[in-house]
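# Examining the three-dimensional arrangement
Here is what each chain is made of, one letter per residue.
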Amino acid sequence: MVAAVLSVAAAPAAQVDAAPAANGLASHLDAGLPNRDASRGPGAPNPDLPQRSSDIAPLLAQARSEKLDPSRYGALLYTYWLERTTEKAGIDLQRWNPRAGATANLTNLERSYRYYEDLQLAHRELRWAGMAGQVGADFGGGLLDLELGGQIFEISRLQPVMAEIVRRASDAGGDRLVAELPDGVRALAEVGKTITPADIDAVIGQILVMQKNIFGDLMPLHTAYVVGGLDAVRELVATGLYPADVLDAFVDIASGDSDRVSAGNGRLLRREQETVIARQWDQTRAYRAPVGEALTYASTIVGSPSVAGVRPMRAYRPIEATAVVGGRTVRLTTPLPSWNWSVFDARWEYINAELLPKYAWQVDHNWDALAAYMRTPYSRQLQEHRVLFNLGPLATSILDQTKVTVK
């Protein structure tokens, strides 16, 4: 298998000028990846490295022939597999700028998630990719809603609902009961009408940074696995750019045992949510406090992953706030989430309870329907998950179902 990976990487060399291999390897050894975290800048993880996988392939062949430690050519190897991915997906890595917004990145969104779903269709064991692609339509549709027309008006519809819930809590149970409401409810009540287009743009940019970071972290591994098998993943891990448990995850994914396949994909999902983007979700929630809290909580209210059988986020652990006032127990219930998607522990609990098991069931027991959905053009999948413009009816329904009892 090592020979096979070597030949894959070296094959394009015959089609390009051999000069990069002869003259460029030394200058690219021990290189860094200053833009691996997309929040630091647009474009490639290292704009100074070759911009085509066919130019990197002979450099890798040379490094291997000289038996160099993979840590020395790690940036080249990582960039090679990332560029193989973006070339296949039709994404211009050098011009990928998440801060440009959802509309400017619409093609990148569609093509990256299309690539995820195509991986799942071709490789049943790559469940992380399939789930990420399917949930990506919900994510992308929500971003388009935020950016395209009515963005502030629609978000502001939540403010009077949250304010009324806070008022009812205060009237029945005073500050004690209000304090039991989620921070997001109180934040939306406070600033829901004063969120600005600049606030929306800032949060969209941060979320798109996370989307690019997920792609940049996990897609090189997936492409290496598909093209070169476990040996290719092993070489990437040997660079030190990924921990050993990433290889363990792919070993399980390649095992053919359904439970191990699920466990391996689950480890990749945890890496995505905890290692790759948890810190950036925390930063988003902290943005211009309490604006970030309000917007991330709003996303939890409207979030509804399209994986069959998965409950909307607002239906998972809905609010049941209680306080003892004057010797009596005051209880407020409302069909709003008691948690915030941007908080890792809460997010991971929801993923483990809803997304992971129910997506695995789809792959094992309802593959034909799942595959048929994934073959739908991705532009249509995105448009089918435009959810923000349903906020008006949703807000009214929430208020109608809010109840206060005193015992």
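Details of the structure are given in the entry above.
Presented here is a report on the structure given in the accompanying data block.

Reading the values: the criteria
- Residues numbered from 1 in each chain as written.
- Predicted model: local features only at pLDDT ≥ 70, side-chain atom pairs only at ≥ 80, totals over all residues.
- Heavy atoms only, no water.
- Helix = DSSP H or I, 4+ residues; strand = E, 2+ residues; numbered from the N terminus.
- Rg over C-alpha atoms; globule rule 2.2 N^0.38 Å.
- Buried < 20%, exposed > 50% of the residue type's maximum accessible area, 1.4 Å probe, protein only.
- Contact = heavy atoms within 4.5 Å.
- Areas by Shrake-Rupley, 256 points an atom, 1.4 Å probe, with all protein chains shown as cover.
- Lys, Arg positive; Asp, Glu negative; His and termini not counted.
- Charge placed at Lys NZ, Arg CZ, Asp CG, Glu CD.
- Pairing = 2+ DSSP bridges.
- Axes fitted to C-alpha atoms, helices over the stretch in contact; angles between N-to-C directions.
- Arc of directions from axis to C-beta.
- Salt bridge = Lys/Arg side-chain N within 4 Å of Asp/Glu carboxyl O.
- Core = buried A, V, L, I, M, F, W, Y, C linked by side-chain atoms within 4.5 Å.
- Parallel < 35°, antiparallel > 145°, perpendicular 65-115°, else oblique.
- Left-handed = near helix turned anticlockwise from the far one by under 90°.
- Phe/Tyr/Trp six-rings, centres within 6.5 Å; stacked < 30°, edge-to-face > 60°.
- Lys NZ or Arg CZ within 6 Å of the ring centre and 35° of its normal.

Once that is clear, we can look at the overall build of the chain. A count of helical and extended segments in the chain gives 18 helices and three strands. Computed over the C-alpha atoms, the radius of gyration of the chain is 24 Å, within 12% of the 22 Å expected from 2.2 N^0.38 for a compact globule of 407 residues. Reported as C-alpha extents along the three principal axes, the dimensions of the chain are approximately 80 × 45 × 40 Å. Residue burial in the chain is summarised as follows: out of 407 residues, 56% are buried. Here the contacts in the chain between residues at least 6 apart in sequence split such that 74% fall between residues at least 24 apart. Only carbon and sulfur atoms are counted for the fraction: they give 52% of the accessible area of the chain, which is about 16500 Å². In the chain, 41 side chains carry a positive charge and 46 a negative one; their mean positions are 4 Å apart.

The next subject is the sheet that holds strand β1 (residues 318-325). In space, the three strands of this open sheet follow the order β1-β2-β3, with antiparallel pairing throughout. Strand pairing shows two members of the sheet lacking a second neighbour, β1 and β3 (403-406), which therefore form its edges. Strand-to-strand twist in this sheet, taken as the mean axis angle between neighbours without regard to direction, amounts to 15 degrees. Two elements, β1 and strand β2 (residues 328-337), share eight bridges in a ladder whose sense is antiparallel. In the sheet register, Ile319 faces β2, and the bridge partner there is Thr334. Across the sheet, helix α14 (residues 291-302) touches β1 and β2, and the angle it forms with β2 is around 75 degrees.

Within helix α16 (residues 367-374), burial applies to Trp367, Leu370, Ala371, Tyr373 and Met374. Buried residues of α16 fall within an arc of 160 degrees about the axis and therefore sit on the same side. Residues of α16 that are buried sit in contact with α5 (106-122), α6 (127-147), α15 (344-365) and α17 (378-383).

All chains considered together, the criterion is met by 23 salt bridges. Among the salt bridges present, the one from Glu117 reaches Arg114, with a minimum N-O distance of 3.3 Å. In this pair, Glu117 and Arg114 both sit in helix α5, three residues apart, roughly one turn of the helix. Glu117 sits in the buried class, given a relative accessible area of 0%. When the shortest N-O distance is used, the salt bridge between Glu164 and Arg168 registers 2.9 Å. Taken together, the positions of Glu164 and Arg168, both in helix α8 (residues 158-179) and four residues apart, correspond to about one turn of that helix. Of the residues examined, Glu164 reaches a relative accessible area of 19% and is grouped as buried. Judged by relative accessible area, which is 24%, Arg168 ranks as partly exposed.

This next bit is on the nonpolar core. Counting 121 residues, the largest nonpolar core has Tyr116, Trp128, Met162, Leu181, Val185, Ile301 and Leu336 as its most contacted members. It is helix α10 (residues 197-238) that provides the largest number of residues to this core, a total of 17 residues.

Where helix α3 (residues 53-65) meets helix α4 (residues 74-89), the axes come as close as 9 Å, and the angle between the chain directions of the two elements is 150 degrees. Considering their axes alone, α3 and α4 lie roughly antiparallel with respect to each other. When the axes of α3 and α4 are compared, the crossing they make is left-handed. Contacts from Ser53, Ile56, Ala57, Leu59, Leu60 and Arg64 in α3 reach Leu76, Leu77, Thr79, Tyr80, Glu83, Arg84 and Glu87 in α4.

The tally for this structure, following the rule as stated, stands at 13 aromatic pairs. On the numbers, 6.0 Å between centres and 25 degrees between planes, the contact of Tyr116 with Phe215 is stacked. Within this pair, whereas Tyr116 is found in helix α5, its partner Phe215 is found in helix α10, the two being separated by 99 residues in sequence. Assigned by exposure class, Tyr116 and Phe215 land together as buried. Summarising the aromatic geometry, the rings of Trp341 and Tyr350 are spaced 6.2 Å apart at their centres and angled 85 degrees between planes, so their arrangement reads as edge-to-face. Summarising the burial analysis for this pair, Trp341 and Tyr350 share the class buried. Every member of this aromatic cluster is reached through a ring pair, and the members are Trp96, Tyr113, Tyr116, Trp128, Phe215 and Tyr378. Lying across the ring of Trp367, Arg124 places its NZ or CZ 4.2 Å from the centre.

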